[in-house]
Amino acid sequence: MSQPRSAEFSLLQAIQSPSFTPRQRDAAALWQLLLDGADLGLVVLALTRLGPTGAAAGLSRIQAEQGAARALLVRALGRLAAAVSTAEIRQALHQLLDDPDAKVSRYAAIALGKLPHSSQTEELLLMQLQRAANPQAQRVLAEALGKVGSEAALRTMAQLHQSSEASSSAPLLTQTVQRAELRLQRSLLRAQSLPGEQAIDVEAQFPGPTQVTLRCRSGLTSILADELLAARLLRLC
C-alpha cells in the first residue's frame, strides 16, 4: 500500500524530479498538466513509467479535445508510443492519420514512424502520401516511411524522388525523399543478410598496397590522422 501524500504535494513539482514515480491514479492529471503548460518531455517521462495505463488515459482525453489542445495531446502520445507501444495506441494513430486537422495528422505520421514495422501501418502511410497535396505533408510521410517501410515504400520513394527533382519548387522534399531512400535501402540490405553473416569481413586482407580515401567531419582530420599513424595504418606521402 502506497504512503499517503502530504497536503503540500504538487504533481507539477514532482515530475521535475528524475526519481519520481507516479501512481496509476495520476494518469489523467498528468495529461491535464500538459494542457496547462507543463513541459512535454517531463510529462511524457512520467507517463512512460505508468505504461499502458498512462497511454489509455491519453487516448480518452484526445477524444474529448479539439484544436491546438488535441494536437498537443497527439504529439505527446507519439512520444509515449515510442516507449509504450500497444495495439490500442497503434490503432488510434492509424485513425488519426485521417484527422481533418493537418497538425494532428502530421503528429500521427511522425509517431507511426517511430514504431516497429507493420504492413498495415506502411499501407496507410503510403495511402496518405498518395493523397498528400502539399510538400510539408509529403515530407513527414516520406520520413516516416523511410523508417518503417519495405520494398513498396522504396518503390514509392524512387517515384517521388524523380517527380520532386523535376520540380525545383520543393528542394526540402527532394532531400527528405533521398534520405528515406537511403534508409530503406540499408534496412532492406540488412534484412536480406543471412543469419550469422557478417557485413564486413574483418579477416580479409588486401592483395597489395591499396589507396583508401577517408572522410570525416570538419575539424576532426588531424585527430583521425594521428590515430591512423599510431596504428601504422597511414603513410604520409
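Before reading on, note that the structure itself is shown above.
First things first, this report covers the structure right here in the doc. The model shown is predicted, which means the values in this text are computed figures rather than measured ones.

### Focus on the overall build of the protein
Along the backbone of the protein there are twelve helices and zero strands. Of the regular secondary structure in the protein, the N- to C-terminal order runs α-α-α-α-α-α-α-α-α-α-α-α. Pairs at least 24 residues apart make up 60% of the contacts formed inside the protein by residues separated by at least 6 positions. Roughly 15000 Å² of accessible area belongs to the protein as shown, and the carbon and sulfur atoms make up 52% of that amount.

### Considering the packing of helix 4 (residues 52–64) against helix 5 (residues 67–81)
Relative to each other, helix 4 and helix 5 sit at 155 degrees, their axes nearing to 10 Å. Comparing the axis directions of helix 4 and helix 5 gives the class roughly antiparallel. As for how helix 4 packs across helix 5, the hand of that crossing is left-handed. Counting all contacts with helix 4, which are made through Gly 54, Ala 55, Leu 59, Arg 61 and Ile 62, the residues of helix 5 involved are Arg 70, Leu 73, Val 74, Leu 77 and Leu 80. Residues that form the contact of helix 4 with helix 5 fall into these classes: seven nonpolar, one polar and two charged.

### Side note on the pattern of salt bridges
As enumerated under the stated definition, the model contains six salt bridges in all. Across the pair Arg 5 and Asp 26 runs a salt bridge, and its minimum N-O distance is 2.7 Å. Of this pair, Arg 5 sits in the segment before helix 1 (11–14) while Asp 26 sits in the loop between helix 1 and helix 2 (27–35), and the two are 21 residues apart along the sequence. Here Arg 5 falls in the partly exposed class, since its relative accessible area comes to 27%. Between Arg 131 and Asp 98 there is a salt bridge, with the nearest N and O atoms lying 3.1 Å from each other. With a gap of 33 residues between them, Arg 131 in helix 8 (residues 119–131) and Asp 98 in the loop between helix 6 (87–96) and helix 7 (102–112) connect regions that are remote in the sequence. Just as Arg 131 is exposed, Asp 98 falls in that class too.

### Looking at the side chain of Thr 176
Position of Thr 176 among the secondary structure elements: in helix 11 (residues 171–192). A residue is classified by how much of its surface remains accessible, and Thr 176, at 5% relative accessible area, is buried.

### Focus on the packing of helix 2 against helix 5
What describes two packed helices is the angle between their axes and the distance between those same axes. As a packed pair, helix 2 and helix 5 sit with axes 10 Å apart at the nearest point and diverge in direction by 125 degrees. Between helix 2 and helix 5, the angle is such that the two are oblique. For the pair helix 2 and helix 5, the crossing hand works out as right-handed. Residue-level contacts link Trp 31, Leu 34 and Leu 35 of helix 2 to Ala 69, Leu 72, Leu 73, Ala 76, Leu 77 and Leu 80 of helix 5. In terms of residue class, the contact of helix 2 with helix 5 is built from nine nonpolar, no polar and no charged.

### What to know about a positive patch on the surface
A cluster of basic residues, Arg 75, Arg 79, Lys 114 and Lys 147, forms a positive patch at the surface. Looking at the secondary structure, you find Lys 147 in helix 9 (residues 135–148).

### Comments concerning the nonpolar core
Judged by nonpolar contacts, the single largest core of 57 residues is most densely connected at Ile 15, Leu 30, Trp 31, Val 43, Leu 93, Leu 125 and Met 157. When residues in this core are grouped by element, the largest group, seven residues, is from helix 5. When sequence neighbours within four positions are dropped, the list of residues in contact with Ile 15 reads Phe 20, Leu 30, Leu 33, Leu 42, Val 43 and Ala 46.

### Quick notes on the packing of aromatic side chains
All told, the structure shown has one aromatic pair when counted by the stated rule. If you follow Arg 106 out to its NZ or CZ, it ends over the ring of Tyr 107, 6.0 Å from the centre.

Calculation criteria
Residues numbered from 1 in each chain as written. Predicted model: local features only at pLDDT ≥ 70, side-chain atom pairs only at ≥ 80, totals over all residues. Heavy atoms only, no water. Helix = DSSP H or I, 4+ residues; strand = E, 2+ residues; numbered from the N terminus. Contact = heavy atoms within 4.5 Å. Areas by Shrake-Rupley, 256 points an atom, 1.4 Å probe, with all protein chains shown as cover. Axes fitted to C-alpha atoms, helices over the stretch in contact; angles between N-to-C directions. Parallel < 35°, antiparallel > 145°, perpendicular 65-115°, else oblique. Left-handed = near helix turned anticlockwise from the far one by under 90°. Nonpolar A, V, L, I, M, F, W, Y, C, P; charged D, E, K, R; others polar. Salt bridge = Lys/Arg side-chain N within 4 Å of Asp/Glu carboxyl O. Buried < 20%, exposed > 50% of the residue type's maximum accessible area, 1.4 Å probe, protein only. Patch = residues over 30% accessible without salt bridge, like charges linked within 9 Å, V, L, I, M, F, W, Y side chains within 5 Å. Lys, Arg positive; Asp, Glu negative; His and termini not counted. Charge placed at Lys NZ, Arg CZ, Asp CG, Glu CD. Core = buried A, V, L, I, M, F, W, Y, C linked by side-chain atoms within 4.5 Å. Phe/Tyr/Trp six-rings, centres within 6.5 Å; stacked < 30°, edge-to-face > 60°. Lys NZ or Arg CZ within 6 Å of the ring centre and 35° of its normal.

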